[in-house]
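# Coordinates in review
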Amino acid sequence: MFDQVELDREFFAALGRVDAKIAGAVRDDGCGRCGGRLHRGDYARKPRGALIAAAGEALVVRFSFCCGREGCRRRTTPPSLRFLGRRVYLEAAVLVASVIAAIRGAGRGTGREVGVPPRTLGRWLGWWRGAFLKTVEFVTLAAALGLGTTAAREAMPAALWAASPGSAADETVGWIARRLAPLTTSAVVRSSVLRAVL
Ligand SMILES: [Zn+2]
């Protein structure tokens, strides 16, 4: 199934358009601390796509804002479908490489196949099977998809991938990315703001 994973430029352009919409909604909502006006303060990023999401490496801006109010100036980085926290790899690359590593092991063979060092793959699996399981997003997904069992938790994120609707890889990546959006940033964004866009 992963021989057919093809995440092309149009796929990443579409994710980028959703990110822009999310950013617009977050900006309109104002600073989460003081309600002040948010000003554009994007980060230039050079994301890695490994062998999975190379087409997404051209996208180099992560939307971000700074509060304009004197004495606050808090930074707000909106949730994203392209970036997963501060990781240098695109979320699509982290997800697909982790799923493959969960199925085939995080050894050298998998590392070569996906273009990610085995140590990095091991770290990612540790996150999916550790901190990720404690997030609200996982708990919600687990309830909806029946992923609360020990077997499912130990098979993350392959169990999540297998339980997701949609057959094509790009559909699955997009579906999961939408559900994980809130945990892609430490900024607290009101769920109603995100829901209106996603
Ligand atoms: Zn503020």
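Residues numbered from 1 in each chain as written. Predicted model: local features only at pLDDT ≥ 70, side-chain atom pairs only at ≥ 80, totals over all residues. Heavy atoms only, no water.

### So, the overall build of the protein
So the rule is basically this: Think of it this way: any DSSP run of H or I at least four residues long counts as a helix, any run of E at least two long counts as a strand, and we number them from the N terminus. We compute the radius of gyration over the C-alpha atoms and compare it with the globule rule, which gives 2.2 Å times the number of residues raised to the power 0.38. In this scheme, a residue with accessible area under 20% of its type's maximum is buried, one over 50% is exposed, and one in between is partly exposed, where area comes from a 1.4 Å probe on protein chains only. Contacts between residues were defined by any pair of non-hydrogen atoms, one from each residue, lying within 4.5 Å.
Counting its secondary structure elements, the protein contains nine helices and five strands. Each helix and strand of the protein, placed in order from N terminus to C terminus, yields the pattern α-β-β-β-β-β-α-α-α-α-α-α-α-α. A compact globule built from 198 residues would reach a C-alpha radius of gyration of about 16 Å, and the protein, at 17 Å, matches this within 12%. Once the C-alpha set of the protein is aligned to its principal axes, its extents read approximately 50 × 35 × 30 Å. Buried residues in the protein amount to 48% of all 198 residues. For the protein, long-range pairs separated by at least 24 residues make up 65% of all intrachain contacts whose partners lie at least 6 apart in sequence.

### Brief notes about unusual backbone geometry
Residue Pro-157 follows Met-156 across a cis peptide bond; omega there is -5 degrees. The phi dihedral of Ala-50 is positive, around 55 degrees, even though this residue is not glycine. Inspection of the secondary structure assignment puts Ala-50 in the loop between strand E2 (43–44) and strand E3 (61–62). Of note in the backbone geometry, Arg-73 takes a positive phi value of approximately 60 degrees without being a glycine. Topologically, Arg-73 is positioned in the loop between strand E4 (65–67) and strand E5 (75–76).

### Points about the layout of surface pockets
Our working rule: With a 1 Å grid spanning the protein atoms alone, the term cavity applies to any set of points in which a 1.4 Å probe fits but cannot get out, the term pocket to an open set with protein on both sides within 12 Å along at least five of seven lines, and the term lining residue to any residue with an atom within 4 Å of a point. Grid points are joined across faces, edges and corners, and a volume is the space filled by probe spheres set on the points. Each residue gets one of three labels, nonpolar for Ala, Val, Leu, Ile, Met, Phe, Trp, Tyr, Cys and Pro, charged for Asp, Glu, Lys and Arg, and polar for the others, Gly among them.
Roughly 410 Å³ of internal volume is contained in the largest pocket. Glu-137, Arg-178, Arg-179, Pro-182 and Leu-194 are the residues nearest the centre of the largest pocket, which is lined by 18 residues in total. If you tally residues by element for the lining of the largest pocket, the top one is helix H5 (residues 136–145), at four residues. The residue inventory of the lining of the largest pocket, partitioned by class, reads 10 nonpolar, three polar and five charged. Approximately 300 Å³ is the volume attributed to the second largest pocket. Forming the boundary of the second largest pocket are Tyr-43, Arg-45, Arg-62, Arg-75, Thr-77, Gly-85, Arg-86, Leu-183, Thr-184, Thr-185, Ser-186 and Ala-187. Tallied by class, residues from the lining of the second largest pocket come to three nonpolar, five polar and four charged.

### Considering the coordination of the zinc ion
Condition: Metal coordination here is assigned from N, O and S atoms located within 2.8 Å of the ion, or within 3.2 Å for Na, K and Ca; omission of water means that sites may look incomplete. Site shape is set this way: if four donors have all angles between 85 and 135 degrees, tetrahedral; if opposite donors are over 155 degrees apart and all others between 65 and 115, square planar for four donors and octahedral for six; otherwise irregular.
Taken together, Cys-31 (SG), Cys-34 (SG), Cys-67 (SG) and Cys-72 (SG) make up the protein donors of the zinc ion, found 2.2 to 2.4 Å from the metal. In this structure, the zinc ion is surrounded by four donor atoms whose angles at the metal cover 97 to 112 degrees, and the resulting shape is tetrahedral. Mapping the donors of the zinc ion onto the primary sequence yields the spacing C-x2-C-x32-C-x4-C. Across the pair, exposure class does not vary: Cys-67 and Cys-72 are buried alike.

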